[in-house]
Each structure stands twice: as C-alpha cells, then as structure tokens.
Amino acid sequence: MKQPQLSEAHHPRPQWKSRMGFILAALGSAVGLGNIWRFSYLCYKNGGGAFLVPYLIALFVVGIPLMILELGIGHRMRGSAPMTFAKVNRNWEWCGWWAVICAMFGIMLYYSTVISWCFNYVFFSFDLRWGIDANHFFFQEFLKISSGPGEIGDIISPIVLGLIGVWAFSWLIVFFGVQKGVERANKIFMPLLLVLTIVLVVLSVRLEGAMEGIKVYLTPNFDLLTKKQVWIDAFSQIFFTLSLSFGIMITYASYLPRKVNIVKDAYIISLGNCLFSFISGFAVFGTLGYMSHATGKPVSEVVSQAIGLAFVTYPQAISLMPKMFCNFFGVLFFGSLVVAGLSSAVSLIEAFSSAVIDKFHYPRKVVVSVVCIAGFFGSIIFTSQSGLFWIDIVDHFINQYGLILVGIFQCILLGWIFKLSKLREHINHAGGIVLRRWWEVCIKFVTPIVLILLFINNLQKELSSPYEGYPWEAIILIGRDWLIVALIAALFVAMRPWKRELVDQSEH
Ligand code: PHE
C-alpha cells in the first residue's frame, strides 16, 4: 500500500478517534427522519410483515454491496466524493460534485426545514397546541398552506426560528471538525436516540389496543409481493435510508485509520439502521392501535402517509392519551425526530464541506460557516406558505432520479473503469472479514441493472402524468432545470484546478 501522499504529510487528514466513533457517526447519518415514519408506513402499505422480504433482499443485493463499495473506496482514496472520483479517473470528478451538491443544496435545504417543524412540535407538545383538530392545525394554522407551489405567500416565522436553531446547531458541530465536532456529537446523539426510542416503544406497546396496531404492522400479505410497486418501494427506501450515493459514506470512510474492518463495519451500519427502523415501527403502530381503540375506527383508517403520520396522526393520538403522560410522550416523539434528523443533517454538511476543503484547501471554519449561511438562506423558500409542496417535489426528484443516477454512475465507474478486484484486495488487506467474489458480481451487474430498471420505471411513470398532479412548470423547474443546473455547477467546479496535485493511487 502506498505511503501517505506528500500533500497529506503537510495537511494530515482528520481521523476518527475510535472505531466506535466512526460507526456511531455513520449510523447517525443513516438513521434519520425516514426511519421513523417512512419505513413503518411502507411496511404497512406493502403487505406488513411480507414487506420484509423485498426489503431484506434490497438490503443484501443493493444496500450492503454499495455500502462496502463506498466505505472501501473512501478508505482507499482517502478523500471526499469528488476527490475520490478524481483519483479514480479525472474525467469523473463531476460525478462526485454532483452527488454532494444534490445532497447539500437539494436534500439538506428541505431536510433542515422538516427538522424545524419537529422542533416546533416539541414545544407544541407542552400545551397540545394542535387542539382538537390536528389536521387543520398543521396545514392551516402552522404551515398556512397556500393553494399550490406557484403561490409562494409569506414566510412563516416560527419555522424560520426553528431553522435558525437547526443551522446554528449543525454549524457548531461541523465547525469543530471530525473528532471534536461530528464524532463527539454522535457519541451523545446516538445513545440518546436509542434511549428515547426504547422508552417510546415500551410506552407505546403498553397502551391499550397497541397489539391490534402491531398485528396490522406485521401480518404478512404475501400476495402483494407480486406487485411491482412493492419492490420499487423496497429498493428506493434502502437507498435513501442508508444515505448511499450522497458521498457521505465515502467521506466518513476517508477519516478511518489504515487498519480497519470495512466489511464488518458495513454490516453493522446497514443492519443497525434497518433494525432501528423495524423497532421504531412498534412505537408507530402501537400508537395507531391505541388510537383505533380509542376512537373505534379500524387501524387502516387512522393510518396515514409520511408527513401526515408524524404531524397529524401522531398529535391526534397524543391528545387522546392520559393527561400528564401525553405531553411527555409528545416531547419524546418529536425530540427523537429532532435528534435523528440533526445527526443526518450534520453528515450532509460534512460531505459537502469536506469536498470544498479537499479541492481548494480553504480553512474548515471558513468553509463550514459560508456553507451554513448559504444553506440557511437557501432553505428559506421551504419556510414559505408553499413550502410543503416544494419539499415534496424536491424530495421526489432528488431521490428518484439524482441519487439513482449517481448510484448507477458509481457502479459503472468503480465496477468497470476502476479495477474492482484491486479494491476488493485493498478491503481484504485492511483487515477483518474476507470479501468474496459475490460482491464484484453485485457491483458490476446486479446493482446497476436493478438501478437502471428502477430509473426507467420511474421515468415512464413520470412522463405519463405529472407527479401528484402538480403543475408541469413546477415539475420541470425541479425535475429538469434544477438537476441540470446542479450538473453544470458540478462540471464547472470539476474543471477548476486542484490546489495541490492529486496523487493517483489507483495504480498502486
Ligand atoms: N438516511 C436518512 C433517513 O433515513 C436520510 C438521509 C439521507 C440523511 C442522506 C442524510 C443524508 O432519514
């Protein structure tokens, strides 16, 4: 293995203090808002316990192989996504930039706004501010929702205030660097989240009627497995939930010491994340079961989708709970969403900042400050009365197209242009569980084929009717124009010279 590069000798790359610190940070990125409400809903919609079959297949066919790939290449090249891609092949640097730009100026901008909602709801839990009509409260009083994406309306001040908190807090963490900031924060966040979740699960499953909800959550309906959409949902969810293709895992692995156990860590992170989703499903469905018991409606009627589940159904359930206990329950639920969201937000900012630092060698503190200020102003559009519509549209396009495309390119570049067997050798050389040939087959054939099929299918559906019936102008603005502008920006930055010469390690 090649010795540290010249430039590294002058500017040593930051490193995690401990293996545990790295695993917690990677888990912190993976476990996010999506684990708590999205997984449970998908599970319920797609055949309950039977959904675990496509979900686990997706995890093993796409999730874990890609996780090993990202950790392995980040560790080998010791760089953020653009630096890693550039070291493999100079012509592909843009792809790394595209990934981190999509993550930072796509996902992070709306993700921070949703964390701000959760933050507001922590406070609303103290006096059950949503009153008797949680639906009306959320859409009309809190979001003051406009008639459509075209009618921007006013900025909502409580959301902006929460947003300031989210950005300031994330800034503080990333500002202090890998060890003193990201690692230390996750060492607090992750155990805290675990405790919050366990308390929530224990409280939920003991509620009256909870078992009915859990039965609905897990009763397998194998007939649904013949439906294409069930498989598409499973594969898309795995991608998003493991934070793959955002350049995050590559960056986090670049801070690892030379001797590591990449395969084992990839298993721990991927399985840990999915186990977390599965367990928090008990809290969600236990509560829904309670609600159905309290209102006399069947569980299938009280369940609702993602955002509706967290901000409408859950508050409704909280209001039905015994006094004293209900406020605590609300703070617990929304508090855990804030913690899960923040640790993911930190990873998005770190992946982008690290890329800029690698390329231009500006000081970390300056880069992080500028990125966070720009990010905060960028998020403001999502705090307007039309924010919810834009969040929905941006989320859809970045996840369904931007990331799947990056995933496909990643497999082509590393599977076909780079010698994959060398990367496997490197991973095995670094220590731990031996990685066998099956992995190469996955990265070269199985994963890209699955992703390409997914992409084609999404595109077909897209062109047949506008997403969720939104006006075509809004869809074109995000689905085409925004992704193209991000691509041009990525190409532009990739064409700028590197402050220090890159040492191409791929030949060694
Ligand atoms: N994995 C996070 C979730 O499940 C989403 C996320 C993706 C966050 C990428 C950060 C980066 O919510």
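Residues numbered from 1 in each chain as written. Predicted model: local features only at pLDDT ≥ 70, side-chain atom pairs only at ≥ 80, totals over all residues. Heavy atoms only, no water.

This part takes up the site of the ligand. Neighbouring residues of the ligand: 14 residues in total, closest Ala30, Gly34, Asn35, Tyr111 and Phe240. Within the contact set of the ligand, a nitrogen atom lies 3.4 Å away from a backbone nitrogen or oxygen of Ser29. In isolation the ligand has 320 Å² of accessible area, and contact with the protein removes 100% of it. At the level of elements, helix H2 (19-30), helix H3 (33-45), helix H11 (228-241) and helix H16 (325-360) are the ones that each hand at least two residues to the shell around the ligand. Residues that form the shell around the ligand fall into these classes: 7 nonpolar, 7 polar and no charged. (Near = heavy atom within 4 Å. Polar contact = N/O pair within 3.5 Å; in protein donor to acceptor, adjacent residues only side chain to side chain. Areas by Shrake-Rupley, 256 points an atom, 1.4 Å probe, with all protein chains shown as cover. Helix = DSSP H or I, 4+ residues; strand = E, 2+ residues; numbered from the N terminus. Nonpolar A, V, L, I, M, F, W, Y, C, P; charged D, E, K, R; others polar.)

Below, the discussion takes up the side chain of Ser353. With respect to the helices, strands and loops of the structure, Ser353 is situated in helix H16. With relative accessibility at 0%, the residue Ser353 sits in the buried group. Within polar-contact distance, the side chain of Ser353 engages the backbone oxygen of Ile349 at 2.8 Å. Filtering out sequence-adjacent residues up to four positions away, Ser353 remains in contact with Val367, Val368 and Val371. (Buried < 20%, exposed > 50% of the residue type's maximum accessible area, 1.4 Å probe, protein only. Contact = heavy atoms within 4.5 Å.)

So, on to the packing of H3 against helix H13 (residues 262-295). The packing of two helices is summarised by the inter-axis angle and the distance between the axes. It is the contact of H3 with H13, at a shortest axis distance of 8 Å, that shows an interaxial angle of 75 degrees. With respect to each other, H3 and H13 are oriented roughly perpendicular. Together, Asn35, Ile36, Phe39, Ser40 and Tyr44 of H3 and Asn273, Phe276, Ser277, Phe278, Ser280, Gly281, Val284 and Phe285 of H13 make up the contact between the two elements. Each residue belonging to the contact of H3 with H13 can be placed in one class, and the counts come to 7 nonpolar, 6 polar and no charged. (Axes fitted to C-alpha atoms, helices over the stretch in contact; angles between N-to-C directions. Parallel < 35°, antiparallel > 145°, perpendicular 65-115°, else oblique.)

Let us now look at the packing of aromatic side chains. Under the defined criterion, the tally for this structure stands at 47 aromatic pairs. Their ring planes at 85 degrees and their centres at 5.2 Å tell us that Trp16 and Tyr252 sit as a pair that is edge-to-face. Here the residue Trp16 occupies a position in the loop between helix H1 (6-10) and H2, and Tyr252 occupies one in helix H12 (residues 248-254), the gap between them amounting to 236 residues. According to the relative accessible area criterion, Trp16 is buried, its value standing at 4%. You can call Tyr252 buried: its relative accessible area is 1%. Both rings, one in Tyr121 and one in Trp130, keep their centres 5.8 Å apart while their planes meet at 10 degrees; by these two values the pair is stacked. Trp130 sits in the buried class, given a relative accessible area of 3%. (Phe/Tyr/Trp six-rings, centres within 6.5 Å; stacked < 30°, edge-to-face > 60°.)

Below, the discussion takes up a positive patch on the surface. Among the surface-exposed residues, Lys17, Lys180, Arg184 and Lys365 lie close enough to one another that they form a single positively charged patch. The topology assignment puts Lys180 in helix H9 (residues 177-205). Since its relative accessible area comes to 55%, Lys180 is described here as exposed. (Patch = residues over 30% accessible without salt bridge, like charges linked within 9 Å, V, L, I, M, F, W, Y side chains within 5 Å. Salt bridge = Lys/Arg side-chain N within 4 Å of Asp/Glu carboxyl O. Lys, Arg positive; Asp, Glu negative; His and termini not counted. Charge placed at Lys NZ, Arg CZ, Asp CG, Glu CD.)

The subject of this paragraph is the pattern of salt bridges. A full pass over the atoms with the stated rule returns 10 salt bridges. For Lys45, the salt bridge goes to Asp233, with nearest N and O atoms at 3.0 Å. Here the residue Lys45 occupies a position in helix H3, and Asp233 occupies one in helix H11, the gap between them amounting to 188 residues. Judged by relative accessible area, which is 11%, Asp233 ranks as buried. Arg424 is the partner of Glu440 in a salt bridge, and the nearest nitrogen-oxygen pair spans 2.7 Å.

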